Amino acid sequence: MSAISRSLRSASKLRVQPRAASGLCSASVGAGRFASSGFAVASAPASRSNFSTSFSKLSGAPAMASSSREYDPEIKDIADYVANKTIDSELAFDTARWILLDTLGCGLEGLRFKECAKLLGPVVPGTVVPNGTKVPGTPFVLVKVASTAVVSKMLGLSEKQIADAVTQAWVDGQSLRTYRHSPNTMSRKSWAAGDACQRAVNLALKVMKGEQGIPTVLSAPTWGFYDVLFKGKKFEFQRPYGSYVMENVLFKVSYPAEFHSQTAVEASEKIHHQLKAMGKSAADIKAVTCRTHEACIRIIDKQFKPMDNFADRDHCIQYMSAVMLVFGRLEATDYVDGSEAATSELVESLRKKITCVEDPQFTKDYHDPALRTISNALTVELNDGTVLPEVVVEAPLGHRLRREEAKPVILAKYKRHLGPHFPEATVRELVELSQDSKKLEAMTVDEYVDKYAVKESKFVV
């Protein structure tokens, strides 16, 4: 007798063991299913097995009302903020204008690096997107450029649709940060934000076409965001939604350095000049102690790790400080494989002499909403035993506390980044426009972005 025949004959002799009334699938329901399929159903003796092909586990789905569900309050708050909140902070708007300039300038500067330029253009070569948004400094266009909630508002979606789009963004979960940390630091950290924006806008467009939302995407038992990724804990908020984040944006002004190292690099620049005035150099340094905050140690303290690539170098406080101490500069080109800094034996030996230690007060100030300083303090010991006075920098030039001091430097940086891409007359026009807030705000987005478009780029193939 074949295995299949034996199975069928065994199935025909099965007896259904009645289940408790509290079960989701009662014995009568199971019996009915067997009867309709032609199987004989009868009460089984107590000594027989409890196995039954109709026996079902309790459903894992939570019991919920069939009526329409309320959105999680966190989702409702976000949608309400985006749809209805009026921002009247002049500081926020002024900061946003400077962010616009700095973002465009940095984007243009990025085109000069093949690691960035290779990611631009259509996935399929030769593809043209009619009416797409132009990419400044290139002949390319994009259709996904901003965050879900904000773009939903810009697209004219209703408050409910904004909520739907936001829930879709939450259900995507979170990307792993391993590409930002040792031992896997790599170039993805440089395009991760753009990728997130691309995904966000795609979701907003889907909702615009009628895609539904997931009202309890955060709180749903077992499968919601909180249970899956937050161990059941809910979000905690320091303040209501407003303009705090925009007002407290940090600019990378003086150096293309990861934020937790900005003040360390600034301190290193001061020490470089101090050594020069003493007739000494970085070659005379025996050891450096960097008093810092916990986040710096956790994210960019890589004293002895080999520097494998661009991304490794711009996320290593020892490397960035050492380059400044040796050369008196820190530029984006100093991170590139084969560059003067990346191949410098002095930089390599010096970075291994820089030790980070946490200062609990620096950590406390870093988390204080009223301060949010990113403090670092460097103490240098020379080979001859001389110990230089500690150099402390609490807030980087791009911090809110130093905003006015930073503005001229941000403008110079913007102008410097425009230079390689546009004629002098265009650079002058864009710089003048950047300082005329009324004229800038009166322009349409298309009209403004058109000023950055080029027919051909010498940096992008």
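It should be emphasised that the depicted structure is a prediction, and the values quoted were computed from it without experimental measurement.

Enquirer: Break down the overall build of the protein chain for me, with residues and values.
Expert: Broken down by element type, the protein chain carries 20 helices and 6 strands. Scored against the burial criterion, the 461 residues of the protein chain give a buried share of 38%. Within the protein chain, counting contacts between residues at least 6 apart in sequence, those at least 24 apart form 70% of the total. Total accessible area on the protein chain stands at roughly 26200 Å², and carbon and sulfur atoms take up 56% of it.

Enquirer: I'd love a proper account of the nonpolar core, names of residues and values included.
Expert: Among the nonpolar cores identified, the biggest contains 40 residues, and Ile271, Ile285, Tyr319 and Leu330 are the most heavily contacted of them. Elements with a contribution of two residues or more to this core: α11 (262-277), β3 (285-292), α12 (294-300), α14 (317-327), α15 (345-351), β4 (354-358), β5 (376-382) and β6 (391-393). Counting residues per element, this core draws most heavily on α14, which supplies 8 residues. In this structure, Tyr319 is in contact with Met307, Arg313, Asp334, Tyr335, Ala341, Ala342, Val347 and Arg351, ignoring residues within four places of it in sequence. With 24 residues, the next largest nonpolar core counts Trp98, Leu418, Val427 and Tyr448 among its residues.

Enquirer: Could you give an account of the packing of α11 against α14, with specific residues and numbers?
Expert: Interhelical geometry of α11 versus α14 gives an angle of 25° and a closest axis separation of 8 Å. Our classification of the angle between α11 and α14 gives roughly parallel. Crossing angle aside, the handedness with which α11 passes α14 is right-handed. Across the interface between the two elements, Ala264, Val265, Ser268, Glu269, Ile271 and His272 of α11 pack against Ile317, Met320, Ser321, Met324, Leu325, Val326 and Phe327 of α14. Class assignment of the residues belonging to the contact of α11 with α14 gives a composition of 9 nonpolar, 3 polar and 1 charged.

Enquirer: Lay out the sheet that holds β5 with the relevant residues and their values.
Expert: What holds strands together in a sheet is hydrogen bonding between their backbones, with the strands either parallel or antiparallel. Overall, mixed pairing links the 4 strands, which are arranged β4-β3-β5-β6 in an open sheet. A single partner strand is all that each edge strand has here, and the edge strands are β4 and β6. Each neighbouring strand pair of the sheet contributes to a mean axis angle of 20°, computed without reference to strand direction. In the sheet, β3 pairs with β4 via 5 bridges, with the strands oriented parallel.

Enquirer: Tell me what's going on with the state of the cysteines, and back it up with residues and numbers.
Expert: Under the counting rule described, the total for this entry stands at 0 disulfides. A disulfide-free cysteine, Cys316 has its sulfur positioned 8.5 Å from the sulfur of Cys356, the nearest such atom. A residue is classified by how much of its surface remains accessible, and Cys316, at 0% relative accessible area, is buried.

Enquirer: Which residues make up the side chain of Lys413, and what are the values?
Expert: Within the fold, Lys413 resides in helix α17 (residues 403-418). With relative accessibility at 7%, the residue Lys413 sits in the buried group. A distance of 2.4 Å separates the side chain of Lys413 from the backbone oxygen of Lys252, its partner in a polar contact. The residues touching Lys413, leaving out its near neighbours within four places in the chain, are Asp102, Cys106, Lys252 and Val253.

Enquirer: Account for the side chain of Arg402, naming residues and giving values.
Expert: Mapped onto the secondary structure, Arg402 falls in the loop between β6 and α17. On the basis of relative accessibility, which here comes to 16%, the residue Arg402 falls in the buried class. At a separation of 2.7 Å, a polar atom in the side chain of Arg402 contacts the main-chain carbonyl oxygen of Ala395. For Arg402, the contacting residues outside a window of four places in its chain are Glu266, Val393, Ala395, Pro396 and Leu397.

Enquirer: Outline the environment of Val207, supporting the account with residue identities and numerical values.
Expert: Along the chain, Val207 falls in helix α8 (residues 188-208). A residue is classified by how much of its surface remains accessible, and Val207, at 1% relative accessible area, is buried. Remark: the alpha-carbon pair of Val207 and Ala163, spanning 44 residues in sequence, is separated by 9.7 Å. Leaving out residues up to four positions away in the same chain, Val207 has contacts with Leu157, Gln161, Asp164, Ala165 and Gln168.

Enquirer: Lay out the pairing of β3 in plain terms, naming residues and giving numbers.
Expert: In this structure, β3 lies alongside β5, joined through 6 bridges in antiparallel fashion. Residue pairing in the sheet places Thr289 in a bridge with Thr379 of β5.

Enquirer: With reference to specific residues and values, describe unusual backbone geometry.
Expert: Backbone geometry places Thr222, a non-glycine residue, at a positive phi of 70°. Residue classification places Thr222 among the partly exposed residues on the basis of a relative accessible area of 43%.

Enquirer: Talk me through the confidence of the model for the protein chain; I want residue IDs and the actual numbers.
Expert: The predicted coordinates ought not to be read in detail in places where the model reports low pLDDT. For the protein chain, the mean per-residue pLDDT works out to 83, and 82% of the residues sit at or above 70. Ignoring residues within four places in sequence, the model shows residues 1-49, a span with pLDDT below 50, making 39 contacts including any to other chains. In this model residues 142-146 is a low-confidence stretch, pLDDT under 50, and it forms 16 contacts with partners more than four residues away in sequence or in other chains.

Rules used in this analysis
- Residues numbered from 1 in each chain as written.
- Predicted model: local features only at pLDDT ≥ 70, side-chain atom pairs only at ≥ 80, totals over all residues.
- Heavy atoms only, no water.
- Helix = DSSP H or I, 4+ residues; strand = E, 2+ residues; numbered from the N terminus.
- Buried < 20%, exposed > 50% of the residue type's maximum accessible area, 1.4 Å probe, protein only.
- Contact = heavy atoms within 4.5 Å.
- Areas by Shrake-Rupley, 256 points an atom, 1.4 Å probe, with all protein chains shown as cover.
- Core = buried A, V, L, I, M, F, W, Y, C linked by side-chain atoms within 4.5 Å.
- Axes fitted to C-alpha atoms, helices over the stretch in contact; angles between N-to-C directions.
- Parallel < 35°, antiparallel > 145°, perpendicular 65-115°, else oblique.
- Left-handed = near helix turned anticlockwise from the far one by under 90°.
- Nonpolar A, V, L, I, M, F, W, Y, C, P; charged D, E, K, R; others polar.
- Pairing = 2+ DSSP bridges.
- Disulfide = S-S within 2.5 Å.
- Polar contact = N/O pair within 3.5 Å; in protein donor to acceptor, adjacent residues only side chain to side chain.
- pLDDT = per-residue confidence, 0-100.

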